[in-house]
Amino acid sequence: MSIQRIRNGRTRKRGAVLTAAALLGTATAAAGPAAGATAAPNPPAPTRTAHSVMPDCSAAYRITQKLDGGTTWRMCWRYDTDAGLTLDRVTYQPPGAAAPIKVLNSARLAQIHVPYDDGGAEYDDLTGAGFGWGLQNLKPAECPGGTITTVKVAEVGDVKGLCTTTRARGHAYRMASDGGSKVWQAQAKDLLVYTVNKVGWYEYITEWRFTADGTIGANVGATGSLSPVDYNATDGRGWPLGKGARGYATSHAHNVFWKLDFGLDGSTKDRIEQFDSTVTAPPAGGGGPTVKTKRTVVTKELAGDAKNMRWWRVVSGTGKNADGHARSYEIVPGHTDTHAGRGFTRHDVYFTQSRACEKFASNNIGGCAAGAGDSVDEWVNGETLTKPSVWVNIGFHHIARDEDQQPMPVHWQGFQLAPRDVTAMNPLTPADLASQNGQPDLGS
């Protein structure tokens, strides 16, 4: 089924979708891995003991991967026609650990907002332009060495659209001894889970990457084709393509949002902390510059702006590592072009009190009460954070170039979740260095 997005005046709420499926509105459909399979949007309540290492979903919806070095990732997957791929109950088990560490209750895209520079078109690709119905069939060559799972998409049918595979990424670490007589090094492979969704002429690769050291990467890659109906930017808001200056592709933004609901160590009582470092110039009498770092516990809902030497982490309300330090995950944004055109695109992160109806960062279709607002910025109203949801916004201002045709090379935008004190040492530490926790030996 072909899903096309066309320019639709100045309407933000609805990007026109030229398929019968889109006319069904915002119905959400669960997806299964094979024809005839059934699954609820939320897998059933657990029937195993609390100490079970397996995610609480049936085998058809379960992803389990043991990586080189011994790290094991486990999670459940589901699919709907608004958010696309969702990962639930994500756990990380470092090598040698007796049990998995619960990291995320849920992780998914929350919007792809695409405003054009001339103000003539603006789209919410997830909730207004048929993103979920555009799931693409993947060929084996697009999932090298991996498994392609069949997804059941409402009003479309079975799509061979979910890839799980591993991919080499080079050094996990390298350290030479002081005398140079020995080198400790390891090459790493990551677990990749991804889908491809077509919206108009664009194709979005939604990729989740899980590493052996506990890092999670969330990325969206845009590829496909520039819209052929946008070769009309003669007002200085585009870039000439083709011979001379006959065609101008209209510049636009891709503001990608993700929604993360943590559950570190199985608790929903995580807390948010912000860190800011200030550099002071060297004193006139000599010496070096000094740096002071301040920690602020974020107790109220927050719309946060990334700044130099600022970062945030999500801290477990219950779990500690073997050194007695609270487990946490640091939010590490990639490069972003912050778009100031809308309230919800003006900030880089949002921390909101979790609400079941607050599902999408803009053009929200979660069924919130009247007056609640339909975008994430309107949900930041000073409420105390007891069960935080995390929203990450990474923008890309796309000024087309000749190389974008044809087809368009993938341009990526995303962020990482980096473990901070989840384990007492590097989880891949070689056995002969394991005694050096807290103080490396001078001879190594």
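Nothing here was measured: the structure is a model prediction, and the numbers come from that model.

(A) Layout of the overall build of the chain. Regarding its fold elements, the chain presents 1 helix and 23 strands. The buried share among the 444 residues of the chain stands at 48%. For the chain, restricting intrachain contacts to residue pairs at least 6 apart in sequence, the fraction spanning at least 24 positions comes to 62%. Carbon and sulfur atoms provide 51% of the accessible area of the chain, an area that totals close to 19800 Å².

(B) Up close: the packing of aromatic side chains. Enumeration according to the criterion identifies 11 aromatic pairs in this entry. With centroids separated by 5.4 Å and ring planes inclined at 50°, the aromatic side chains of Y61 and W77 adopt a geometry described as tilted. One end of the pair, Y61, is in the loop between β2 (16-17) and β3 (62-66); the other, W77, is in strand β4 (residues 72-80), with 16 residues separating them in the sequence. With respect to class, Y61 is no different from W77; both count as buried. It is R108 that lies over the ring of F360; its NZ or CZ is 5.0 Å from the centre.

(C) Inspection of the pattern of salt bridges at higher detail. Following the criterion strictly, the structure yields 17 salt bridges and no others. Among the salt bridges present, the one from D261 reaches K259, with a minimum N-O distance of 2.7 Å. Judged on exposure class, the residue D261 and its partner K259 are both buried. In this structure, the salt-bridge partner of E383 is R355, at a minimum N-O distance of 2.3 Å. Of this pair, E383 sits in the loop between β21 (349-353) and β22 (388-398) while R355 sits in the loop between β21 and β22, and the two are 28 residues apart along the sequence. Take R355: its relative accessible area is 35%, and that puts it in the partly exposed class. Three or more residues are tied together by salt bridges with common partners; here these are R169, D190, E207 and R209.

(D) Fine view of the nonpolar core. Judged by nonpolar contacts, the single largest core of 76 residues is most densely connected at W73, W208, F210 and L260. Ranked by the residues each element gives to this core, the list is headed by strand β6 (residues 101-115), at 7 residues. Counting 8 residues, the second largest nonpolar core, distinct from the first, contains F257, Y350, A361 and W379.

(E) Seen up close, the state of the cysteines. Considering all chains together, one arrives at 3 disulfides under this definition. Residue pairing for C143: its cysteine sulfur links by disulfide to C163, the two sulfurs lying 2.0 Å apart. For the disulfide bridge between C143 and C163, the dihedral angle about the S-S bond is near 85°, and by the sign convention the bridge is right-handed. Of this pair, C143 sits in the loop between α1 (125-128) and β8 (147-153) while C163 sits in strand β9 (residues 157-176); the two residues are 20 residues apart in sequence, bridging distant segments of the chain.

(F) Summary view of the environment of K182. With respect to the helices and strands, K182 occurs in the loop between β9 and β10 (183-199). A polar side-chain atom of K182 sits 2.6 Å from a polar atom in the side chain of D432.

(G) Focus on the pairing of strand β15 (residues 252-262). For β15, the tally of buried residues reaches 11 of 11 residues, placing the bulk of the element in the interior. With burial as the criterion, each face of β15 is covered, one bearing H252, H254, V256, W258, L260 and F262 and the other bearing A253, N255, F257, K259 and D261. For β6 and β15, the ladder comprises 8 bridges, and the chain directions are antiparallel. Bridge pairing in β15 links H113 to N255.

(H) The environment of L138, seen in detail. The residue L138 is located in the loop between α1 and β8 in this model. Using a relative accessible area of 6% as the deciding quantity, one classes L138 as buried. Each C-alpha atom of the pair L138 and K160 lies 5.9 Å from the other, and the pair is 22 residues apart in sequence. Other than its neighbours up to four places away in sequence, L138 contacts I148, K160, G161, L162, C163, Y194 and V196.

(I) Expanded view of the pairing of strand β12 (residues 216-224). For β12, a buried count of 9 out of 9 residues is recorded, marking the element as mostly surrounded by other parts of the structure. Here strand β11 (residues 202-210) runs beside β12; their pairing, made up of 9 bridges, is antiparallel. Bridge pairing in β12 links E207 to N219. Where β11 folds back onto β12 in an antiparallel hairpin, the turn is made up of 5 residues, including G214, whose phi is positive at roughly 95°. With 8 bridges joining them, β12 and strand β23 (residues 408-420) adopt antiparallel strand pairing. Its bridge partner being in β23, G224 is matched across the sheet by M408.

Thresholds applied
Residues numbered from 1 in each chain as written. Predicted model: local features only at pLDDT ≥ 70, side-chain atom pairs only at ≥ 80, totals over all residues. Heavy atoms only, no water. Helix = DSSP H or I, 4+ residues; strand = E, 2+ residues; numbered from the N terminus. Buried < 20%, exposed > 50% of the residue type's maximum accessible area, 1.4 Å probe, protein only. Contact = heavy atoms within 4.5 Å. Areas by Shrake-Rupley, 256 points an atom, 1.4 Å probe, with all protein chains shown as cover. Phe/Tyr/Trp six-rings, centres within 6.5 Å; stacked < 30°, edge-to-face > 60°. Lys NZ or Arg CZ within 6 Å of the ring centre and 35° of its normal. Salt bridge = Lys/Arg side-chain N within 4 Å of Asp/Glu carboxyl O. Core = buried A, V, L, I, M, F, W, Y, C linked by side-chain atoms within 4.5 Å. Disulfide = S-S within 2.5 Å. Polar contact = N/O pair within 3.5 Å; in protein donor to acceptor, adjacent residues only side chain to side chain. Pairing = 2+ DSSP bridges.

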